[in-house]
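Overview (structure and organization)
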Amino acid sequence: SILSVVVLGVALLGVIGVVLLLLLLTPMVVRRLRRRSRLGPATDPHESIARAWLEVRDSWLDLGHGWPQGTPRQIAGVVGKRLPDGAAETSLSDVVTAVEQSRYAEHLDDVDSFTRQVNEVIAGLDASRPWYRRLGHVLLPASLVYGVRQWWQRITARPVQESLDEE
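What counts and what doesn't
Residues numbered from 1 in each chain as written. Predicted model: local features only at pLDDT ≥ 70, side-chain atom pairs only at ≥ 80, totals over all residues. Heavy atoms only, no water. 1 Å grid on protein atoms, 1.4 Å probe; cavity = no way out; pocket = protein on both sides within 12 Å on 5 of 7 lines; lining within 4 Å. Points joined across faces, edges and corners; volume = space filled by probe spheres on them. Helix = DSSP H or I, 4+ residues; strand = E, 2+ residues; numbered from the N terminus. Nonpolar A, V, L, I, M, F, W, Y, C, P; charged D, E, K, R; others polar. Phe/Tyr/Trp six-rings, centres within 6.5 Å; stacked < 30°, edge-to-face > 60°. Patch = residues over 30% accessible without salt bridge, like charges linked within 9 Å, V, L, I, M, F, W, Y side chains within 5 Å. Areas by Shrake-Rupley, 256 points an atom, 1.4 Å probe, with all protein chains shown as cover. Salt bridge = Lys/Arg side-chain N within 4 Å of Asp/Glu carboxyl O. Buried < 20%, exposed > 50% of the residue type's maximum accessible area, 1.4 Å probe, protein only.

Turning our attention to the layout of surface pockets. Taken as a whole, the largest pocket holds about 220 Å³ of empty space. If you go around the largest pocket, the residues you meet are Met28, Arg31, Arg32, Arg35, Ser59, Asp62, Leu63, Asp126, Arg134, His137, Val138 and Pro141. Where the lining of the largest pocket is concerned, the elements lending two or more residues are α1 (2-39), α2 (45-62) and α6 (131-139). Of the residues contributing to the lining of the largest pocket, the split by class is four nonpolar, two polar and six charged.

Moving on, we come to the packing of aromatic side chains. Under the definition given, this model contains three aromatic pairs. Relative to Trp67, the ring of Trp53 lies with its centre 5.7 Å away and its plane at 65°, an arrangement referred to as edge-to-face. Here Trp53 is found in helix α2, whereas its partner Trp67 is found in the loop between α2 and α3 (72-79), with 14 residues between them in sequence. On the numbers, 5.9 Å between centres and 90° between planes, the contact of Trp131 with Tyr132 is edge-to-face.

Right, let's get into a nonpolar patch on the surface. A contiguous nonpolar patch, built from Leu12, Leu13, Val15, Ile16, Val19, Leu20 and Leu23 and spanning about 690 Å² of accessible area, is present on the exposed surface. Its location among the elements puts Leu13 in helix α1.

Turning to the pattern of salt bridges, a few remarks are in order. With the rule as written, the count across this model stands at ten salt bridges. One salt bridge in this structure joins Glu47 and Arg51, with 3.3 Å as the shortest N-O distance. Placement of both Glu47 and Arg51 in helix α2 is noted, with a separation of four residues, approximately one turn of the helix. A salt bridge links Asp58 to Arg57, with the nearest nitrogen and oxygen atoms 2.9 Å apart. Judged by its relative accessible area of 0%, Asp58 is buried. Taken together, the salt bridges that share partners define one network made up of Arg31, Arg34, Arg35, Arg38, Glu55, Arg57, Asp58 and Asp62.

Quick look at the structure:
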């Protein structure tokens, strides 16, 4: 009957709508899970700091900026200009110091406060954009595209062949 066709059509549209909604929310959920994983506890403090620095990078990328080239201190010089207040900038300086120490020092001091400082930097970055621009970056995070692009470049890179010129 017509009623069962209408009910079936509405149910089908509902299922399609739910599937589309799930597809639209997938990048946001993946990004949130990645953030939670990176900022969660780690057994190795060097690994914890490296993962948190990647999270700062991805937060920066998600706001629509390109990741600057250079040392962590040079990168912080660019990123720090976008932070709205001195507290976040101070935290960024502390984060960069920890990143540098983790790369060059064998033992690290006070890694416990590090996650708090990273969270302050990320909050400062988020506050640097109006809410309506952040919403777009939350729903479709650019860092996921950046990660896929980096992965694709690694797997498609051709090894450079050295040629010897014989004269």
